[in-house]
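In case you want the letters, here they are:
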Amino acid sequence: MKTTPFTDKHIALGAKMHEFAGYNMPIEYSGIIDEHLTVCQHVGVFDVSHMGEFWVKGPKALDFLQKITSNNVAALTPGKVQYSCFPNEKGGIVDDLLVYQYEPEKYLLVVNAANIDKDWNWCVSHNTEGAILENASDNMAQLAVQGPDAINVLQKLTPINLSDIPYYHFTHGEFAGEKDVIISNTGYTGAGGFELYFYPEAGLKIWDAIFHAGAEFGIKPAGLGARDTLRLEMGFCLYGNDIDDTTSPIEAGLGWITKFADGKDFINRPMLEKQKKEGVDKKLVGFEMIDRGIPRHGYELTDEQGAVIGHVTSGTMSPTRKIGIGLGYVQSGYSKTGSEIYVNMRGRKLKASVVKPPFRK
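Residues numbered from 1 in each chain as written. Predicted model: local features only at pLDDT ≥ 70, side-chain atom pairs only at ≥ 80, totals over all residues. Heavy atoms only, no water.

### Observations regarding the overall build of the protein
Regarding its fold elements, the protein presents 8 helices and 19 strands. A globule of 361 residues ought to have a C-alpha radius of gyration of about 21 Å, and the protein, at 21 Å, matches this closely. With the C-alpha coordinates of the protein rotated into their principal frame, the extents come out at 65 × 50 × 40 Å. A total of 361 residues make up the protein; the buried ones form 57% of that total. In the protein, the 36 positive side-chain charges and the 44 negative ones have mean positions that sit 6 Å from each other. (Helix = DSSP H or I, 4+ residues; strand = E, 2+ residues; numbered from the N terminus. Rg over C-alpha atoms; globule rule 2.2 N^0.38 Å. Buried < 20%, exposed > 50% of the residue type's maximum accessible area, 1.4 Å probe, protein only. Lys, Arg positive; Asp, Glu negative; His and termini not counted. Charge placed at Lys NZ, Arg CZ, Asp CG, Glu CD.)

### Section: the packing of helix α2 (residues 32-41) against helix α7 (residues 224-233)
Axis separation between α2 and α7 bottoms out at 8 Å; the angle between their running directions is 55 degrees. Classed by the angle they form, the pair α2 and α7 counts as oblique. Crossing handedness for the pair α2 and α7: right-handed. Note on element contacts: α7 touches α2 through G225, A226, T229, L230 and E233, opposite I32, E35, H36, V39 and C40. Partitioning the contact of α2 with α7 into residue classes produces 5 nonpolar, 3 polar and 2 charged. (Axes fitted to C-alpha atoms, helices over the stretch in contact; angles between N-to-C directions. Parallel < 35°, antiparallel > 145°, perpendicular 65-115°, else oblique. Left-handed = near helix turned anticlockwise from the far one by under 90°. Contact = heavy atoms within 4.5 Å. Nonpolar A, V, L, I, M, F, W, Y, C, P; charged D, E, K, R; others polar.)

### Notes on the environment of G214
Among the structural elements, G214 can be located in helix α6 (residues 203-214). If we ignore the near neighbours within four places in the chain, the residues touching G214 are V153 and I219.

### With respect to helix α3 (residues 61-68)
Counting buried positions along α3 yields 6 of 8 residues, so the element is predominantly enclosed. Taken residue by residue, α3 has A61, F64, L65, Q66, K67 and I68 as its buried positions.

### Considering the pattern of salt bridges
Side-chain pairing between opposite charges can occur once the charged atoms of the two side chains come close. Evaluation of the coordinates by the stated rule reveals 15 salt bridges. For the salt bridge of K9 with D208, the shortest nitrogen-to-oxygen distance reads 2.8 Å. Of this pair, K9 sits in helix α1 (residues 7-12) while D208 is found in helix α6, placing the two residues 199 residues apart along the sequence. The salt bridge partner of E28 is K16, with a shortest N-O separation of 3.4 Å. (Salt bridge = Lys/Arg side-chain N within 4 Å of Asp/Glu carboxyl O.)

### So, α2
Along α2, the residues classified as buried are E35, H36, T38 and V39. Within α2, the buried residues cover an arc of 160 degrees as seen down the axis, which keeps them to one side. The secondary structure elements touched by the buried residues of α2 are β2 (23-28), β3 (44-47), β9 (141-146), β13 (220-222) and α7. (Arc of directions from axis to C-beta.)

### Some thoughts on the pairing of strand β4 (residues 52-57)
Most of β4 is tucked away: 5 of the 6 residues are buried. In the sheet, β4 pairs with strand β7 (residues 106-111) via 6 bridges, with the strands oriented antiparallel. Following the sheet pairing, V56 is matched in β7 by Y107. Alignment of β4 against strand β8 (residues 132-135), held across 4 bridges, turns out to be antiparallel. When the bridges of β8 are listed, F54 appears paired with N135. (Pairing = 2+ DSSP bridges.)

### Brief notes about the sheet that holds strand β5 (residues 81-87)
In space, the 5 strands of this open sheet follow the order β5-β6-β7-β4-β8, with antiparallel pairing throughout. Across the chains shown, the open sheet's two edge strands, defined by having one partner strand only, are β5 and β8. Each adjacent strand pair in this sheet contributes to an overall mean axis angle of 30 degrees, direction not counted. Each of β4, β5, β6 (93-103), β7 and β8 is contacted by helix α4 (residues 116-125), which is oriented at about 170 degrees to β8, the strand it contacts most.

### Here's the deal with the environment of K118
Locating K118 in the fold gives a position in helix α4. Taking the C-alpha atoms as reference, K118 lies 13 Å from G240; in sequence the two are 122 residues apart. Aside from chain neighbours lying at most four places away, what touches K118 is V94, Y239 and D245. Polar side-chain contacts of K118 include one of 2.9 Å to the backbone oxygen of V94. (Polar contact = N/O pair within 3.5 Å; in protein donor to acceptor, adjacent residues only side chain to side chain.)

### Details of the side chain of H36
By the secondary structure assignment, H36 is in helix α2. H36 has contacts with A226, T229, L230, E233, P319, T320 and R360, leaving out every residue within four places of it along the chain.

Structure, rendered in structure tokens:
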């Protein structure tokens, strides 16, 4: 298995380790619920160094990105970040990603760890514009410092005024004595905070500085288990569960990152434009359990008579709400907020209600 600069730290701290996307990653430390609530109420730190990073540079960078991503990259200015996806030619999604505009002809793409090779090959094979591509995944480490106290912890370690960085914006400069750290007001927890990108050799110094600065705020390391429950409480999609090569961004409720701007002739635009105009047969919805039970990935969703109308893509017991919550695809006729649906849990038909995420307010 691959390691990150922090693997030995995780093991020394007693984390429960498991393989994820080829990496030896921490799943939990003090427990998923404890870590989840720590991030919601105080501050937690996630090692996300397994994520992939690609540079796209040169005079053809914008043309290439306008073709290969669904969102309108022309709307970016230096210092802004955009959530987007790579549409495939069949109406599905190659991956979801973040696009950072560093300079007018320099962009950083942040992709999912499990898809690094697939995404890189996709970008290279579709680069008919001649943009300059660089796979920097092995030369970048990343920590996500998340929660309402994240800004108080991190401000101790940088002369940059973090309050001046709006949501989905970033800057780069000195942090914990390191000269060129990307500080990004992003994250996949819904609890606020920042993501830091830096050279792997600076990792342990930055980790120790963050935990020293955060001691007074009750800072804790957090694993991938809490990262998953946090993103699910916000209704954020997880690639491989809620979106994949067979689900379109329109079906997944990602029409807001699918921009049909003039001159933006992105991959599979005609099909997605038709879906947006005419509607789709299935939609990804959020739902809350009315009957007691925990929905899990793969469970059938049915109507009152037991006819299958879809399936669960993500589900858990909400650590903050103490009820079962989930995401799933249903026939479009059952996608309206308030619709009554049922989850088939090992032969038991349990009632749920379609709601509009986030589940955590």
